[in-house]
Amino acid sequence: MMRQDSQDAPLFGEDDGNAGARKSNIRHPLVSFFHLFFRTSAILVYLLCDIFSSQFIACMVTIILLLSCDFWTVKNVSGRLLVGLRWWNQVDKDGKSHWVFESRKTQTLNTTSESRIFWLGLIVCPVFWIIFVFTTIFSFKMKWLAVVVMGLVLQWANLYGYVRCKFGGQTNLRNMAQNYLSVQIFKQAMKKTADA
């Protein structure tokens, strides 16, 4: 597992010279649209598929294509442009797999609107797929189980990767929690000694 800060290689859209000239609060409206479009389209097709079509295979293929497009778009485009994060898996010469999590050191190019759109879409949609997994199991529609599990896995993978990019590796999260706890204990101890 590796964490890198991308200072040397520009992420997509970093070299936009006219970024400040735009009037909108959203610098990448097309990316923001497609970030949400594929996710919501896959959910809507899943929900409305039985109403509009009786062909399971056509619905399944459509949903999986939308989920695949969403996975690629979020992982390779919208994460870089909207929040300055990216992640990937790299195999070294020895055949060992290394996960690389990268974040932009300066967050000045990101707008809060784009960040909210990104994180809201990234967090809310996997919740829908979790609900779909349980409703599929409890309604005994087992033919849909593979589709909803695929939706959950693809969306959860992106969520996991970007949370790791944002907050660092697992050891960094553990250190952050320990540091917070030790600071709180120190504050309490100082407060008690000041009161005494």
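Note: the structure precedes this text.
Quick look at the structure, then. (Residues numbered from 1 in each chain as written. Predicted model: local features only at pLDDT ≥ 70, side-chain atom pairs only at ≥ 80, totals over all residues. Heavy atoms only, no water.)

1. Considerations on the pairing of strand β2 (residues 85-91)
As paired strands, β2 and strand β3 (residues 97-103) are joined by seven bridges and run antiparallel to one another. Opposite Q90, over in β3, you have H98 as the bridge partner. Linking β2 to β3, which pair antiparallel, is a turn of five residues; within it G95 sits at a positive phi near 85 degrees. (Pairing = 2+ DSSP bridges. Helix = DSSP H or I, 4+ residues; strand = E, 2+ residues; numbered from the N terminus.)

2. Regarding the packing of helix α1 (residues 29-52) against helix α3 (residues 112-138)
Relative orientation of the contacting elements α1 and α3 amounts to 15 degrees, with a least axis distance of 10 Å. Comparing their axes, α3 and α1 come out roughly parallel. Crossing of α1 over α3 shows left-handed handedness. Residues S32, H35, L36, R39, A42, I43, Y46 and L47 of α1 lie in contact with α3, whose contacting residues are E114, I117, F118, G121, L122, C125, P126, F128, W129, F132 and T136. Its residues placed into classes, the contact of α1 with α3 shows 13 nonpolar, four polar and two charged. (Axes fitted to C-alpha atoms, helices over the stretch in contact; angles between N-to-C directions. Parallel < 35°, antiparallel > 145°, perpendicular 65-115°, else oblique. Left-handed = near helix turned anticlockwise from the far one by under 90°. Contact = heavy atoms within 4.5 Å. Nonpolar A, V, L, I, M, F, W, Y, C, P; charged D, E, K, R; others polar.)

3. As for the state of the cysteines
Applying the stated criterion across every chain yields a total of one disulfide. With its sulfur 1.6 Å from that of its partner, C49 forms a disulfide with C59. A torsion of -135 degrees about the S-S bond marks the disulfide between C49 and C59 as left-handed. In this pair, C49 is assigned in helix α1 and C59 in helix α2 (residues 56-83), connecting sequence segments ten residues apart. Residue classification places C59 among the buried positions, given a relative accessible area of 6%. (Disulfide = S-S within 2.5 Å. Buried < 20%, exposed > 50% of the residue type's maximum accessible area, 1.4 Å probe, protein only.)

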